[in-house]
Amino acid sequence: MKHHLEHLLSSALIGLQQGGGLAADIELPSHIPVERTRDRSHGEFASNVALTLAKTVRRKPRELAEHIAAALPASDKIAKVEVAGPGFINFYMTPAAFQGVITDIMAQGPHYGRSTVGGGRLVQVEFVSANPTGPLHVGHGRGAAYGAAVADLLEAVGYKAHREYYVNDAGRQMDILATSVWLRYLELCDEAFAFFPSNGYKGEYVRDIAADLRGQHGNALHHPIAQVMQDLPPDEPAGGDKEAHIDALIARAKQLLGAAAYRQVFDLGLNDILEDIREDLREFGVIYEEWFSERSLFESGAVDRAVARLQASGHLYEKDGALWFRSTDYGDEKDRVIVRENGQKTYFAADIAYHMDKMERGFDRVIDVWGADHHGYVPRVKAALAAVGDDPSRLDVLLVQFATLYRGGEKAQMSTRSGEFVTLRELRHEVGDDAARFFYVLRKCEQHMDFDLDLAKSQSSDNPVYYIQYAHARVCSVMRQLQEKGLHWDEARGRANLHLLTETHEQALMLGLSRYPEIVEMAALNHEPHQLAHFLRDLANDFHTYYNAHIFIVDDSLLRDARLNLIIATRHVLRNGLTLLGVSAPEAM
RNA sequence: GCGCCCGUAGCUCAGUUGGAUAGAGUGUUGGGUUCCGAUCCCAAAGGUCAGAGGUUCGAAUCCUCUCGGGCGCGCCA
């Protein structure tokens, strides 16, 4: 309907130009803006072309608007055109124009709202990508729900989405995990140590992995604790440096176990945790096309090639024994180390290789969903792409702020330092997957959000998820009651009598339904699933108020069938929208 | 100290990319309703869009500064 009006306006302008009513030499805007009105007293749609064009053609906006309105081709969808305010052109649509929406929805069903504006272009969406050093926590949950919704939305508007999880299976943090696992394993072998490394991973899950390790290897990996700790630099509680202590401990583990056995410990920890994360996300309805290994970038030589490309571009230099990338050439705050003094490549080096690989894989667009705490990292990644001649504007980095959990009006978040953070799994079990998915995307991503656990759990209309799902279930319930009364719904007869839907509530509901494709497109292109979430709540509200104002199962079979068409169409849209957000649409609650 | 994000009704948040009288939910107050399924409907009150300048026909939206909050500023990942 919106596109219809844009088309009419466009031909009106061309007509004016050809008829001499408008200077022929001015350039018409390529896209004529038509907007939904905020207020029904302004009609259903409005355009401000006259205002935006007034300056270039040096005419009064209102006068220009009158001319354009007069030049509009006739349309059976328009009841009235009005020039109002400073020069808006307001469109009042005929009831028939909105009734047609119902027919469209019934014909398209699950496809209603989908479009092809993406043109089949390839978009990669990388999200979560948490280090496999422990279970996902509630912060990762928001990235998961958000990234999944963005990818699904993009697919709905015709992109081909490639969902990817970057697995940081190389690097120091993983060594710390492997060493932590081994130490817990030694405990299971009846070794006792004075205190666990302050920089080690202390979560309970590390003991589980250690038990797994012992189950597979028995005592084969056992070494006396005295030997492990011999001559190590002291840990922080003992007055030393915790970083130096843990690094020495890692080196000792590698030395005592040997490369092969160490790798076994390392991989067991990695695989156990990764399997847990996979399972967690799958239960959350988040699935990936690809799990991309950081380690594979080293093994395939991709990191070396990335360094070589930067080298060839002339943006690397040596200082203090390390190899630096002059990222300041591309707007970064400071230059960054690529290869450390000890010869090890930094995480950044691997990430450059990873992003070069993304570009080489031929994605039209690349989206990274990161926690907001990584925002300082954006300029250096873009700098690296620019340095080797890739186009950094192909990469969008979407930053997701953390969520603060509230329970009983109090913050429910525990410190991450102690390892006693709230896991995503705990959250899912507490409030349910549907509520978690929905609440996470209810706010725009760069907004800090308060996650009210009590509200998410409540089975009342105060809870937006419940409210929306209930609207869906309520339609199903009406259909069940129809059957109980021995009646049946004749869709064709309903379609033929849509003109009977003249009530204010019915008009409002149809207006809402007609907005859905626009909402999906906007939410997708702007990466804003919250737009869809809010729309669904409004639509559910329109439906519930309709339900409360009118009986659907009336004696007049023509009106009854028309109304049933309307509510079934509503059910389609509710289901389609909820599905895009990863929320179920139950038939009964 | 520097950089990024944020600041909208008592609370939680929208605001269609610069448009018309700034909205929704919740909470408060008053009235009505209890009928397919957990109620729902109507009304009122509630705002210096953090503050101050600027850009223009027009600013919550764009620019500058100030205040307040979050995050970041490793040869960690």
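These numbers come from a predicted model, not from an experiment.

**Looking at the environment of I273**
As for its position among the elements, I273 is in helix α9 (residues 242–283). Note on I273: relative accessible area 4%, which makes it buried. Along the backbone, I273 and L136 are 137 residues apart, and their C-alpha atoms lie at a distance of 9.5 Å. With near-sequence residues (within four places) excluded, I273 lies in contact with P132, T133, G134, L177, Y205 and I209.

**Section: the sheet that holds strand β14 (residues 410–411)**
Read across the open sheet, the 3 strands follow the order β14-β13-β15; overall the sheet is mixed. Each having just a single partner strand, β14 and β15 (449–452) make up the two edges of the open sheet. The pairing of strand β13 (residues 403–407) with β14 spans 2 bridges and is antiparallel. The residue bridging R407 from the neighbouring strand is E410, located in β14.

**Overview of the protein's contact with RNA strand B**
RNA strand B sits among 59 residues. The nearest are Y470, S477, Q481, N526 and Y547. Near-protein atoms of RNA strand B (within 4 Å) split between backbone and bases, with sugar and phosphate holding 58%. Y547 is positioned such that a nitrogen or oxygen atom in its backbone is 2.3 Å from a base nitrogen of RNA strand B. Residue contributions to the surface near RNA strand B peak at 7 residues, all from helix α20 (residues 529–549). Residues that form the surface near RNA strand B fall into these classes: 18 nonpolar, 20 polar and 21 charged.

**What to know about the packing of aromatic side chains**
According to the stated counting rule, one finds 23 aromatic pairs in the structure shown. With 4.8 Å between their ring centres and 40° between their planes, Y546 and F552 make a pair best called tilted. For Y546, a relative accessible area of 0% gives the class buried. Through a chain of ring-to-ring contacts, the aromatic side chains of F325, Y347, F348, W370 and Y377 assemble into a single cluster. Sitting above the plane of the W291 ring, R278 keeps its charged end 4.6 Å from the centroid. Here K319 stacks its cationic end above the ring of W324, 4.5 Å away from the centre of that ring.

**Describing the pattern of salt bridges**
Evaluation of the coordinates by the stated rule reveals 39 salt bridges. The closest approach of N and O atoms between R59 and E63, which form a salt bridge, is 3.3 Å. In this structure R59 comes out as partly exposed when scored by relative accessible area, which is 23%. E63 sits in the partly exposed class, given a relative accessible area of 38%. The salt bridge partner of E283 is R428, with a shortest N-O separation of 2.7 Å. In this pair, E283 sits in helix α9 while R428 sits in helix α14 (residues 424–431), placing the two residues 145 residues apart along the sequence. Residue E283 is classed as partly exposed on the basis of its relative accessible area of 35%. If you follow the salt bridges from partner to partner, you end up with D152, E155, K160, R163 and E289 in one network.

**With respect to unusual backbone geometry**
Within the chain, V128 stands out as a residue other than glycine whose phi angle is a positive 70°. Along the chain, V128 turns up in the loop between β5 (122–126) and α5 (138–156). The buried category is assigned to V128, whose relative accessible area is 13%. Backbone geometry at S129 places phi at a positive 45°, although glycine is not the residue there. Structurally, S129 is set in the loop between β5 and α5. Judged by relative accessible area, which is 12%, S129 ranks as buried.

**Describing the nonpolar core**
Among soluble globular proteins, nonpolar side chains are generally buried collectively. I68, W182 and L427 are the most contacted members of the largest nonpolar core, which has 161 residues in total. For this core, the element with the highest residue contribution is α9, accounting for 17 residues. Residues within four places of L427 in sequence aside, it is in contact with V138, L405, G432, A436, Y440, F451 and L453. Counting 34 residues, the second-largest nonpolar core is a separate cluster that includes A302, A306, A383 and A384.

**Some thoughts on the layout of surface pockets**
Empty space among the atoms can be located by rolling a probe the size of a water molecule over them. Size it by volume and the second largest pocket reaches roughly 980 Å³. If you list the elements that add at least two residues to the lining of the second largest pocket, you get α1 (2–18), α4 (95–108) and α19 (504–525). When residues of the lining of the second largest pocket are assigned to their parent elements, the largest contribution, 9 residues, is made by α19. Here the residues of the lining of the second largest pocket are counted per class, giving 12 nonpolar, 10 polar and 13 charged.

**A word on α9**
Between its terminal C-alpha atoms α9 stretches only 37 Å, short of the 62 Å expected from 42 residues at 1.5 Å a residue. The largest bend along α9 measures about 115° and falls at G258. In the segment just after α9, G285 is the residue with positive phi, at about 80°.

**Brief notes about the domain arrangement of chain A**
Per the domain assignment, the segments making up chain A are domain 1 (2–93), domain 2 (172–276), domain 3 (300–390) and domain 4 (463–580). Averaged C-alpha coordinates put domain 2 and domain 4 at centres separated by 58 Å.

**What about the packing of α19 against α20?**
Running from amino to carboxyl end, α19 crosses α20 at an angle of 170°, the nearest separation of the two axes being 10 Å. Looking at the two axes, α19 sits roughly antiparallel to α20. Here H505, E506, A508, L509, G512, L513, R515, Y516, I519, M522 and A523 of α19 come into contact with α20, specifically with P529, Q531, L532, F535, L539, D542, F543, T545, Y546 and A549. A class-by-class count of the residues in the contact of α19 with α20 yields 14 nonpolar, 4 polar and 3 charged.

**Some thoughts on the packing of α19 against helix α21 (residues 557–580)**
In contact at an axis separation of 11 Å, α19 and α21 are set at 30° when each is read in the N-to-C sense. When the interaxial angle is binned, α19 and α21 end up roughly parallel. Taken as a pair, α19 and α21 cross one another with a handedness that is left-handed. Taking contact as the criterion, the partners of E506, L509, M510, L513, Y516 and V520 in α19 are, on α21, R563, L566, A569, T570, V573, N576, G577 and L580.

**Some details on the sheet that holds β5**
Read from one edge to the other, the open sheet built from 5 strands follows the order β7-β6-β5-β11-β12, with strand pairing classed as parallel. At either margin of the open sheet sits one strand with a lone partner, and together these are β7 (290–293) and β12 (395–400). With strand direction ignored, the average angle separating the axes of adjacent strands in the sheet is 25°. When β5 meets strand β6 (residues 160–167), the two strands line up parallel, connected through 5 bridges. In the strand pairing of β6, E126 is matched with E164.

Rules of the game
- Residues numbered from 1 in each chain as written.
- Chains lettered and ligands numbered in written order.
- Predicted model: local features only at pLDDT ≥ 70, side-chain atom pairs only at ≥ 80, totals over all residues.
- Heavy atoms only, no water.
- Helix = DSSP H or I, 4+ residues; strand = E, 2+ residues; numbered from the N terminus.
- Buried < 20%, exposed > 50% of the residue type's maximum accessible area, 1.4 Å probe, protein only.
- Contact = heavy atoms within 4.5 Å.
- Pairing = 2+ DSSP bridges.
- Near = heavy atom within 4 Å.
- Polar contact = N/O pair within 3.5 Å; in protein donor to acceptor, adjacent residues only side chain to side chain.
- Nonpolar A, V, L, I, M, F, W, Y, C, P; charged D, E, K, R; others polar.
- Phe/Tyr/Trp six-rings, centres within 6.5 Å; stacked < 30°, edge-to-face > 60°.
- Lys NZ or Arg CZ within 6 Å of the ring centre and 35° of its normal.
- Salt bridge = Lys/Arg side-chain N within 4 Å of Asp/Glu carboxyl O.
- Core = buried A, V, L, I, M, F, W, Y, C linked by side-chain atoms within 4.5 Å.
- 1 Å grid on protein atoms, 1.4 Å probe; cavity = no way out; pocket = protein on both sides within 12 Å on 5 of 7 lines; lining within 4 Å.
- Points joined across faces, edges and corners; volume = space filled by probe spheres on them.
- Expected span 1.5 Å × (residues − 1).
- Bend = angle between axes of the 7 residues up to and from the residue.
- Domains from an automatic or database assignment.
- Axes fitted to C-alpha atoms, helices over the stretch in contact; angles between N-to-C directions.
- Parallel < 35°, antiparallel > 145°, perpendicular 65-115°, else oblique.
- Left-handed = near helix turned anticlockwise from the far one by under 90°.

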